[in-house]
Amino acid sequence: MKERLRGLMLAGLLLHASLLTGCWNRRELNDLAVVVALGVDLEETGYLVTVQVVNPNEVRSQRSSSGSASVVTYTEKGVSIPDALQRMLGKVPRQLYLSHLRVMVFGESLARKGLIDVLDYAAREHDLRNDFYMLVAKGSKARDVLSVVTPFEKIPAESLFSSIMVSNKKWAATGRIKLQHFITVLDRGGSNPVLSGVRVEGDKKKGRNNDFLREIRPETMLKHEGLAVFRKDKLVGWLGEDDSKTVNYMINNVSGTTGFVPCPGRGKGSIGVSIVQSKTSIKAVKGEDGKPAFKVRHVLEANVDDVQCELDLSDPGSITLIEKELEDLARGNTASNIREVQRKFASDIYGFGEALHRQMPKEWAKYKSEWDSYFKTAKIEVNVEVALRKVGSILQPLKKDMEGR
């Protein structure tokens with residue numbers, strides 16, 4: 001009986017094994033060229049595509065074994081992006097593998113013409129995951145950005161990826177925008193997307209050579225610089241540092257940043273503050289003329305970092321004065337920055353239309369078809385509330401203590 005049972009079990013195992021399939025689409029690492037960055041530029045006949053491919057022999061070891069670069073860039077033209085990538089196989093010794101992409105960079109001329117076809121490709125390509133960041137090469141081609149080697153990180157694409165996260169978290173003047181977020185903003189209506197900009201600072205040609213990294217102060221570097229404003233899928237302009245921060249405040253994308261306010265009623269000098277928490281809400285209302293208007297409520301929590309004037313921080317009245325100064329400054333900056341975007345770009349990158357759609361759907365139906373045009377003159381009221389939480393381990397400025405001795 002036991003022998004018969006063993007026989008049946010063995011037959012069952014053999015039957016199950018025969019039904020199992022192998023990994024039919026298995027690809028060996030030694031046969032792949034891992035792409036960590038993809039750049040797309042506009043060409044008369046289509047696109048100029050640049051890929052940054054990891055050189056495994058150099059990345060594997062702590063010290064360079066042959067003096068070669070840690071990555072290699074390949075560039076090719078094509079009618080479409082897949083066409084350019086296929087033509088690139090005549091140069092690349094391995095099959096291109098896109099699943100580890102970290103950044104996708106668009107040339108400015110391409111962004112101004114429109115990204116919809118490139119986004120369509122990126123959304124359809126099954127090898128592409130949706131966790132890479134998208135950037136616009138400010139005043140240059142994507143090819144130039146991806147040809148610059150970087151200090152600290154062996155792989156330039158990894159340096160770009162990491163610096164986007166750090167600058168967005170601590171500086172608040174850049175954007176961590178991924179493919180799905182950009183497409184979602186395009187689809188939902190009532191708002192327009194933004195992308196973070198990157199610029200080649202210094203000599204582009206020198207930046208392609210590993211030798212310049214031996215200098216204490218490299219002559220060529222990649223610098224994140226402002227936000228690119230889009231109307232639908234087309235780039236219409238650039239925002240500076242203050243305007244970019246306003247956008248991130250409005251869309252609740254600020255983890256922390258720093259700033260300063262003039263010393264209240266104390267002559268020259270300033271007080272440095274760090275923003276530790278920020279929350280913004282938009283309320284759609286009917287204005288006096290019966291048309292949609294908006295009220296912005298901006299709540300900030302901040303710490304005092306630096307005091308360059310004679311101010312007694314042990315006095316609650318001094319704290320109130322600093323809060324009032326910060327509220328007035330933030331209110332004025334936010335309102336003027338929004339008005340500038342309204343006047344110059346007529347692009348709702350803050351989500352006012354989305355708020356109207358959500359809170360007053362009937363009103364939204366009236367203005368939906370020409371929202372960007374209406375947004376240009378929409379009335380927006382900004383209110384700011386600030387609470388100081390910490391003033392540091394000393395209450396009196398050191399300058400005041402020293403002068404009192």
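A brief report on the enclosed structure follows.

Cut-offs and rules
Residues numbered from 1 in each chain as written. Predicted model: local features only at pLDDT ≥ 70, side-chain atom pairs only at ≥ 80, totals over all residues. Heavy atoms only, no water. Axes fitted to C-alpha atoms, helices over the stretch in contact; angles between N-to-C directions. Helix = DSSP H or I, 4+ residues; strand = E, 2+ residues; numbered from the N terminus. Parallel < 35°, antiparallel > 145°, perpendicular 65-115°, else oblique. Left-handed = near helix turned anticlockwise from the far one by under 90°. Contact = heavy atoms within 4.5 Å. Nonpolar A, V, L, I, M, F, W, Y, C, P; charged D, E, K, R; others polar. Disulfide = S-S within 2.5 Å. Buried < 20%, exposed > 50% of the residue type's maximum accessible area, 1.4 Å probe, protein only. Pairing = 2+ DSSP bridges.

Time to look at the packing of helix α5 (residues 116–124) against helix α8 (residues 179–188). Between α5 and α8, the least distance of the axes is 11 Å, while the angle of their chain directions is 125°. Relative to α8, the element α5 lies oblique. Pair α5 / α8 crosses with left-handed handedness. Where α5 abuts α8, its residues Leu 119, Ala 122 and Ala 123 lie against Leu 179, Phe 182, Ile 183 and Leu 186. For the contact of α5 with α8, the residue count by class is seven nonpolar, no polar and no charged.

One pass over the full model with this rule turns up one disulfide. Between the sulfur atoms of Cys 263 and its disulfide mate Cys 309 the distance is 1.9 Å. Looking down the S-S bond of the Cys 263 and Cys 309 bridge, the torsion is -95°, so its handedness is left-handed. Remark: Cys 309 occurs in the loop between β12 (292–307) and α10 (316–345) and Cys 263 occurs in the loop between β10 (257–262) and β11 (270–286); sequence separation between them is 46 residues. Both residues of the pair, Cys 263 and Cys 309, count as buried.

Two strands pair when backbone bridges link them, and strand β8 (residues 221–231) and strand β9 (residues 234–239) are joined in this way by five bridges, in the antiparallel orientation. Note that in β9 the partner of Val 229 across the bridge is Gly 237. Counting the residues that bridge the hairpin from β8 to β9 gives two residues, and of these Lys 232 lies at a positive phi of roughly 60°.

Here we take up the sheet that holds strand β13 (residues 379–390). Reading across the sheet, the four strands line up as β10-β11-β12-β13 and stay open at both edges, with mixed pairing between neighbours. Strands with a single pairing partner mark the edges of an open sheet, and in this sheet they are β10 and β13. Ignoring which end each strand starts from, the neighbouring axes of this sheet average 40° apart. Contacts from α10 reach β10, β11, β12 and β13, with the element oriented near 145° to β13. Its contacts with the sheet put helix α11 (residues 352–359) on β11, β12 and β13, and the angle it makes with β11 is roughly 45°.

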